[in-house]
Amino acid sequence: MTESICRVAGQGAYLPERVLTNAEISTFVDTSDEWIRARTGISERRIADESQTTSDLGYQAAKAALADAGLDANDIDLIVVATTTADLVFPSTAALIQDRLGLRQGAAFDVQAVCSGFIYALAVADGLLKGGVFNRALVIGAETMSRILDWEDRSTCVLFGDGAGAWVLERSQEGNSGLLGYDLRCEGRYTPLLKTTGGVSATKTSGFLTMEGPAVFKHAVKKISNSMERLLEREAIDIADIDWFVPHQANQRILEGVADKLKISRDKVVSTVARHGNTSAASVPLAFHQAVADGRIQRGHLCLLEALGGGLTWGSALVRF
Ligand code: ACO
């Protein structure tokens, strides 16, 4: 029997309408457009309307991905949502999106790996599809990071934004396009570097995001590069064969640092950090969507994805689109 592969049948994204510029942020915290652009590459980010929740953003992205795949919600039997900012403690954001889609079949659950969430969620869905448990999955990265920011802390509030991206995965017996492999890692001992100040069990609140930026920065370049090298070696793929590098959009200096370390030419790097900021688990599918929409990523292209976030968690994935 031929080995099955999970192909990306469709992809889509959603950004809230409200644009928050660096200039606007500098009216309420002691920062400047120059500092934010020079240190992070970010010019603006989107912020969800007060009436919008993570599941609203994820639902819009899911609908766009289904339309792109030419499929109906009823063709889906698995929904995996990567999010740090669930609407409710329970049920999962995936369950809420499943209901909005009018689905009454299959399974739905959330994956929590902070900014690495989409890479983790792809691996989980891929395993369940290849194992024959389900046939078609919606994998969604959706976040309202604006809700867990301390808007008086200039060291974090300038970095994040809201948004969602989604992929439709389907098991296929033909061809060699699809998800090719992963490298997933976590070292919980680094929790103090990047965390929230609360949680339902610890404080009965969500708390606010705190980060030791320079320390996380140092871990990011090294750990992401190592992860991608391990993955490429395991899959016997030469870095020169990668068409597009689609990194987590945390900081332009990290994207370029990783690309330079692995000798990936900068014109192969997909960067949306200037317009989106860091949208955590939504950042990779949002960046991927942008590059498909503008014609850079095309069917058959080999793409290397990566992310690092709270945990610390980090990882990489290879996909032939
Ligand atoms: N505006 C102006 N000055 C600022 C701001 C700001 N918004 N924020 C910090 N500063 C000041 C600091 O107070 C410090 O001042 P001092 O020298 O007088 O003490 C100075 O700027 C330098 O601060 P650093 O924190 O050293 O700045 P750095 O160059 O490291 O940039 C940043 C900070 C952007 C956070 C960077 O460290 C970074 O990108 N880190 C990694 C982020 C990341 O990858 N996160 C992982 C994913 S997030 C997730 O999982 C939820």
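Rules used in this analysis
Residues numbered from 1 in each chain as written. Predicted model: local features only at pLDDT ≥ 70, side-chain atom pairs only at ≥ 80, totals over all residues. Heavy atoms only, no water. Domains from an automatic or database assignment. Contact = heavy atoms within 4.5 Å. Buried area = accessible area lost by both parts, 1.4 Å probe. Salt bridge = Lys/Arg side-chain N within 4 Å of Asp/Glu carboxyl O. Polar contact = N/O pair within 3.5 Å; in protein donor to acceptor, adjacent residues only side chain to side chain. Helix = DSSP H or I, 4+ residues; strand = E, 2+ residues; numbered from the N terminus. Buried < 20%, exposed > 50% of the residue type's maximum accessible area, 1.4 Å probe, protein only. Right-handed = clockwise from strand over helix to strand, strands pointing away. Pairing = 2+ DSSP bridges. Near = heavy atom within 4 Å. Areas by Shrake-Rupley, 256 points an atom, 1.4 Å probe, with all protein chains shown as cover. Nonpolar A, V, L, I, M, F, W, Y, C, P; charged D, E, K, R; others polar.

1. With respect to the domain arrangement of the protein chain
We note that the domain assignment places domain 1 (5-172) and domain 2 (178-320) within the protein chain. Once you take the C-alpha centre of each, domain 1 and domain 2 turn out to be 15 Å apart. Counting from both sides, the interface comprises 53 residues of domain 1 and, opposite them, 48 residues of domain 2. For the pair domain 1 and domain 2, the two sides together bury roughly 3900 Å², of which 65% comes from carbon and sulfur. Of the charged contacts in the structure, one is a salt bridge between Glu44 and Arg275, with a shortest N-O distance of 3.9 Å. Counting every contact that joins domain 1 to domain 2 gives 19 residue pairs in polar contact (both at pLDDT 80 or more). For the side of domain 1 that touches domain 2, the secondary-structure elements that each account for two or more residues are β1 (5-14), α2 (33-40), β3 (44-46), α5 (117-130), β6 (136-144) and β7 (162-172). For the side of domain 1 that touches domain 2, the element with the highest residue contribution is β1, accounting for 10 residues.

2. Examining the pairing of strand β4 (residues 78-82)
Here β4 lies mainly inside the structure; five of its five residues are buried. Alternating positions in β4 separate into two faces, Leu78, Val80 and Ala82 on one and Ile79 and Val81 on the other, with burial throughout. On the question of chirality, the crossover connecting β4 to the parallel strand β5 (residues 107-111) by way of helix α4 (residues 93-100) is right-handed. Pairing between β4 and β6: five bridges, direction parallel. If you follow Ala82 over to β6, its bridge partner there is Gly141.

3. Structural notes on the site of the ligand
By nearness alone, 28 residues border the ligand, and Thr31, Arg39, Cys115, Arg154 and Asn251 come closest of all. Between a nitrogen atom of the ligand and a side-chain N or O atom of Trp35, the distance comes to 3.4 Å. In the environment of the ligand, an oxygen atom lies 3.0 Å from a nitrogen or oxygen atom belonging to the backbone of Gly310. Protein chains bury 74% of the 1000 Å² of accessible surface belonging to the ligand in isolation. Mapped by element, the contributors of at least two residues to the shell around the ligand are α2, α6 (154-157), β10 (209-211), α7 (213-234), α8 (252-261) and β12 (302-309). Looking at which element gives the most residues to the shell around the ligand, the answer is α7, with four residues. Of the residues in the shell around the ligand, the class split is 15 nonpolar, nine polar and four charged.

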